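Understanding the architecture of this molecule
These are the residues of each chain, in order.
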Amino acid sequence: MKGIADTGFIVAFARGHDQHHVWAVDIAKQITEPLLTSEPVLAEAAFQLESSSYVLALLQDEMLRLAFDCNRNIAPLAELARRYRDRNPDLADLCLIRMSELYPRHVVITVDSDFRAYRRNRREAIPIHLPPHALLRQPNGDRPAESTRASSDECGTRHWRSLNSAQQLRIGKFSAAAIH
């Protein structure tokens, strides 16, 4: 899977008790190459997890790879900030929208339903991978089209044992200590 990782995915993967943990682990099992991300996403994840070490371990284990330079993208980021000022996106979201333009074959892996409203290259929907229950409602509260509804198998019917910080989480070739 070619993907771009958002903060919510990283946090859900790390925390065994997170409501999206099973979904994140299932995604991690499908990873065949490092997920691309940006420094603002890593900073948010480290803050939310209260662990820079965990986030750095994901880079060292090659689950994630930095693939964005804010300095080289200031003008496009500023334009995206103007375009979406009514949604008040943070810098991490702006970077991911821009990364979706730069890496059009990569899907954005996120728990943030705002990505359904964002557009790359002004009009093109951004391919996203959301947790199944996030597909049940649109950002405006409407039900989605039938083709985007999650199946009952996708809706978390599988059980994943919560991991504490002393246990090691090994998914495919990636491993890192799970955050409690």
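A short tour of the structure in this document, coming up. This is a predicted model, so every value here is computed, not measured.

Digging into the environment of Leu56
Take Leu56: it is sitting in helix H4 (residues 52-60). The exposure class assigned to Leu56 is partly exposed, which follows from its relative accessible area of 47%. In the structure, Leu56 is positioned 14 residues away from Leu42 in sequence and 8.5 Å away in space, judged by C-alpha atoms.

Regarding the pattern of salt bridges
A side chain with one charge can pair with a side chain of the opposite charge if their charged atoms come near. The full count for this structure, using the stated rule, is seven salt bridges. With its nearest N and O atoms 3.9 Å apart, the salt bridge here joins Glu79 to Arg83. On the criterion of helical spacing, the pair formed by Glu79 and Arg83 is a turn pair, its members being four residues apart in helix H5 (residues 74-83). Residue Arg83 is classed as partly exposed on the basis of its relative accessible area of 24%. Among the ionic pairs, Arg98 bridges to Glu101, the shortest N-O distance being 2.9 Å. Here Arg98 and its partner Glu101 are both found in helix H6 (residues 91-102), three residues apart, which amounts to about one turn of the helix.

Cut-offs and rules
In this convention, every chain numbers its residues from 1, walking through the sequence in written order. In keeping with the predicted nature of the model, local features appear solely for residues at pLDDT of at least 70, side-chain atom pairs appear and are counted solely at 80 or more, and the whole-chain, interface and lining totals rest on all residues. Side-chain descriptors were evaluated using all non-hydrogen atoms of the structure, hydrogens and water having been removed beforehand. The secondary structure listing takes helices from DSSP runs of H or I that are at least 4 residues long and strands from runs of E that are at least 2 residues long, numbered from the N terminus. Classification of residues uses two cut-offs on accessible area relative to the type maximum, computed with a 1.4 Å probe and protein chains only: under 20% is buried, over 50% is exposed, and between them is partly exposed. Only one rule defines a salt bridge in this text: a Lys or Arg side-chain nitrogen within 4 Å of an Asp or Glu carboxyl oxygen.

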